[in-house]
Amino acid sequence: MEYKSKNIEDTLALASKLAHLIPYGSVILLNGDLGAGKTTFVQGFARAKKINEKITSPTFTLLKIYAITDKNCLVHVDAYRLENALFEELEDYINENNILLIEWSHNLKNQEIFEQYLAIDFTYISKNQRKITLTAVGEQYQKIIEGMKQNV
Ligand code: ADP
Ligand code: MG
C-alpha cells in the first residue's frame, strides 16, 4: 500500500490509524533516509496509544520502552548506529504484550528474528511531502493493510 503524506499531520494520522488496528505482539519495521519521517510516525502512533511522554529517537540508548497499559508496552528502537551489528536482546522484547517499532531495522544483522512484520518505508519527496509504503510479511499483517486501505 502506498500513501502520499502532504504534511506532518498526514503522517501522524496514518500512524494513528495503524495504532488502532494493529494488535499487541506486532513488529513494525521503519526504514528510509534521515528526516524521512520515521520518528514522526512513532510519535503519531504513541499519541494514539495515549502515551504522554515525548518520543525522541533513541539513538544513543538503542531502545526505549513506553507503558501503554499495566502489561502492554510500546518498544521503540533506533538501529541507526548499529551498522550490521547484532542486537541479540531485541528478540526478548518480541512477545504478545509489546508492539515494536524499529527504525533502521535494515541495519540489524539478525534479521531472522523478524518472521512476520509490517514494513513501512519512507521516501522524501519534497520539504513537506513523503511517500509512505506499507508492506506486509505474513497473513495477519496483510489483513491490517486491508483495514488501513478502508480507513485512509
Ligand atoms: P526520521 O526519524 O526518519 O529521521 P523524523 O521524523 O525525525 O525523521 O524527521 C522528519 C522531519 O521532517 C521532521 O522535522 C518533520 O517535521 C519533517 N516533515 C515535513 N513533512 C513531513 C511529513 N509529511 N511527514 C513526516 N515528517 C515531515
Ligand atoms: Mg528517527
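Residues numbered from 1 in each chain as written. Chains lettered and ligands numbered in written order. Predicted model: local features only at pLDDT ≥ 70, side-chain atom pairs only at ≥ 80, totals over all residues. Heavy atoms only, no water.

Moving on, we come to the site of ligand 1. Surrounding ligand 1, one finds 16 residues, the nearest of these being T11, G35, K38, T39 and T40. S5 has a polar side-chain atom sitting 2.9 Å from a nitrogen atom of ligand 1. Separating an oxygen atom of ligand 1 from a side-chain N or O atom of T39 is a distance of 2.8 Å. In isolation ligand 1 offers 570 Å² of accessible surface; the protein chains occlude 77% of this area. Elements supplying a minimum of two residues to the shell around ligand 1: α1 (8–21) and α2 (38–48). (Near = heavy atom within 4 Å. Polar contact = N/O pair within 3.5 Å; in protein donor to acceptor, adjacent residues only side chain to side chain. Areas by Shrake-Rupley, 256 points an atom, 1.4 Å probe, with all protein chains shown as cover. Helix = DSSP H or I, 4+ residues; strand = E, 2+ residues; numbered from the N terminus.)

Structurally, the position occupied by D10 is in helix α1. A residue is classified by how much of its surface remains accessible, and D10, at 16% relative accessible area, is buried. Excluding its chain neighbours within four sequence positions, the residues that come into contact with D10 are Y3, K4 and S5. (Buried < 20%, exposed > 50% of the residue type's maximum accessible area, 1.4 Å probe, protein only. Contact = heavy atoms within 4.5 Å.)

The final tally for this structure, using the stated rule, is three aromatic pairs. Ring centres 5.7 Å apart and planes at 75° place the aromatic pair F41 and F122 in the edge-to-face group. Here F41 is found in helix α2, whereas its partner F122 is found in strand β6 (residues 117–126), with 81 residues between them in sequence. Here F41 and F122 have matching classes, each one buried. Seen from their ring centres, F114 and Y117 are 6.5 Å apart, and the 75° between their planes marks the pair as edge-to-face. (Phe/Tyr/Trp six-rings, centres within 6.5 Å; stacked < 30°, edge-to-face > 60°.)

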